[in-house]
Amino acid sequence: MSEHESIALAERFARYRAESLTEVESPGPAAVRVAVRKRRRRTFGAAVAAVLAVAAGPVLGYATLDRPQPQPGPVEPTATPSASPSATAPASASASPSTTASSSASPTRAAPDGRISRSQLLAATVSLPTWTTPADCPTGRVRLGAEPARDDVNELVALDHGDLDGDGATETVALVRCVFGTRGPFQVVAFDRDTAGRVVTLGRVTGTARPTPGWVTALDVRDDGEVRVEVADIAPGGGWPLKNSQRQWRGYRWTGDEFEQVSGPSTFGPNPRSTDLSATATDLVLTSAADGSRSGVVTVRIRNDADRTAPEVLLTMELPKALRPVGDGWSGCDIQTGSTVQVSCRLSAVRGHSEVRRNLELQVAAGTSLASGQVALRVWPADPDGDPWLDNDSGDNESTFDYR
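All of these numbers come straight from a predicted model, not from anything done at the bench. (Residues numbered from 1 in each chain as written. Predicted model: local features only at pLDDT ≥ 70, side-chain atom pairs only at ≥ 80, totals over all residues. Heavy atoms only, no water.)

Trainee: Any details on the state of the cysteines? Residues and values, ideally.
Mentor: The tally for this structure, following the rule as stated, stands at 2 disulfides. At a sulfur-sulfur separation of 2.0 Å, the disulfide partner of Cys-137 is Cys-178. Across the disulfide from Cys-137 to Cys-178, rotation about the S-S bond amounts to roughly -95°, and the bridge is consequently left-handed. One end of the pair, Cys-137, is in the loop between strand S1 (125-128) and strand S2 (140-145); the other, Cys-178, is in strand S4 (residues 171-178), and 41 residues separate them in sequence. The residues Cys-137 and Cys-178 share a single accessibility class, namely buried. Note that Cys-333 is cross-linked by a disulfide to Cys-345, the S-S spacing being 1.9 Å. On the S-S bond that ties Cys-333 to Cys-345, the torsion sits near 105°, and the link is right-handed. Of the two residues, Cys-333 sits in strand S17 (residues 333-337) while Cys-345 sits in strand S18 (residues 340-347), which places them 12 residues apart along the sequence. Of the residues examined, Cys-333 reaches a relative accessible area of 19% and is grouped as buried. Indicated for the protein is the disulfide connectivity 1-2, 3-4, based on numbering the bonded cysteines in sequence order. (Disulfide = S-S within 2.5 Å. Helix = DSSP H or I, 4+ residues; strand = E, 2+ residues; numbered from the N terminus. Buried < 20%, exposed > 50% of the residue type's maximum accessible area, 1.4 Å probe, protein only.)

See below:
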């Protein structure tokens, strides 16, 4: 703009002010005070509105607009999760992730999903409770095995799932067997996940013990959270078949601190597949025959001192090779000749409080020498399949006889 144009514009503006001010009524002192009060009220109202808008905004803590503007953040404050359950201590049934207390707290987070598959449990390192039956079994932080391949790995036998603590989420129950040796032991353990998804131990449900139960045969989790475990009084092994063991279903529930039994029997009575046999035998006196052989008879006396009948009696003995079983008294016996003569007989039933006798003839062939000696024999009760029963007093099941 040129200097001439600037001077002309200033003259026009001066004329406009002079003409306009003559038409405007000047306010007095009272009007000025009213106007000032109105401006203050508008200014205060605008400030309050600004504070409320900031307080309700994404980031809390700013009170006025003249402070530095916050950086963008989440719409709601994030929840503060509670501490993860310990891997070695049972979690409380009421434990659940908590949020920070405030009037605008977000809804309670759902309980973690504790449904753990077989492959997931095998892949995890878990905290295994101490075994109740004394054994050199792995405990503490361990890995489970899919099968009893090694003595230093606990076998994962079975799995089931259910809501054990009533939190609306599913937990996992595992039947674990210590494979040290051949007779167990077992324990049933409940597992869950923490808020980070890690496998944690909820608690030990039950397990084998001495004297009973000696075995765990089945696992079932009901819809109402009760863990049902089938246990047997005697572990299989040493010729004892599991079919002859007594079995019971026992139910357990999570109390918030531990599992306690809530249904089923807690003890076993005497096993019905048991009796009490004893054995004695006369000495073998060999006499010479016309053909040069020598022979004699051993009388074996088998007594049942119990009320229950023994369906069968197993008789075993080991003879020197020079002694040959002959005659009808050996019917029902399996005789194997090697460096010695192994005899195994299945004899007929013996009723309670009665006895039977077997006359067993033995012979030494002509021209065969045999020095004096002693033979041990043993009797044992058995079922009709030939599987052994229990003997309530096995100290008198063995006997000996001399031969000369």
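Trainee: Describe the sheet that holds S17, and please don't skip the residues or the numbers.
Mentor: Pairing between sheet strands relies on hydrogen bonds along the backbone, with the strands arranged either parallel or antiparallel. Reading across the sheet, the 5 strands line up as S17-S18-S15-S20-S22 and stay open at both edges, with antiparallel pairing between neighbours. With one partner strand each, in any of the chains shown, S17 and strand S22 (398-403) form the two edges of the open sheet. Across this sheet, the average inter-strand angle for adjacent strands is 15°, counted without regard to direction. (Pairing = 2+ DSSP bridges. Axes fitted to C-alpha atoms, helices over the stretch in contact; angles between N-to-C directions.)

Trainee: Describe the sheet that holds strand S6 (residues 199-207), and please don't skip the residues or the numbers.
Mentor: Taken together, 6 strands build an open sheet; the order of strands is S1-S2-S3-S4-S5-S6 and the sheet is mixed. Lying at the two open borders of the sheet, with one neighbouring strand each, are S1 and S6. On average, each strand axis in the sheet is tilted by 45° relative to the strand beside it, whichever way the strands run. In the sheet, strand S5 (residues 186-193) pairs with S6 via 7 bridges, with the strands oriented antiparallel.

Trainee: Outline the pairing of strand S3 (residues 154-162), supporting the account with residue identities and numerical values.
Mentor: Here S2 pairs with S3 via 2 bridges, running parallel. Note on S3: the bridge partner recorded for Gly-145 is Glu-155. Note that S3 and S4 share 8 bridges and pair antiparallel. Across the sheet, His-161 pairs through a bridge with Thr-172, a residue of S4.

Trainee: I'd love a proper account of the packing of aromatic side chains, names of residues and values included.
Mentor: Across all of its chains, the model carries 2 aromatic pairs by this definition. Ring centres of Phe-186 and Trp-215 lie 4.7 Å apart, and the angle between their planes is 80°; on these two criteria the pair is classed as edge-to-face. Taken together, the residues Phe-186 in strand S5 and Trp-215 in strand S7 (residues 215-221) connect sequence positions 29 residues apart. Taking the relative accessible area as the measure of exposure, Phe-186 reaches 4% and is therefore buried. According to the relative accessible area criterion, Trp-215 is buried, its value standing at 9%. Judged by centre distance (5.0 Å) and plane angle (55°), the ring pair of Trp-254 and Phe-259 falls under tilted. Side by side, Trp-254 and Phe-259 carry an identical accessibility label, which is buried. Looking at Arg-228, its charged tip hangs above the ring of Trp-249, at a distance of 4.6 Å from the centre. (Phe/Tyr/Trp six-rings, centres within 6.5 Å; stacked < 30°, edge-to-face > 60°. Lys NZ or Arg CZ within 6 Å of the ring centre and 35° of its normal.)

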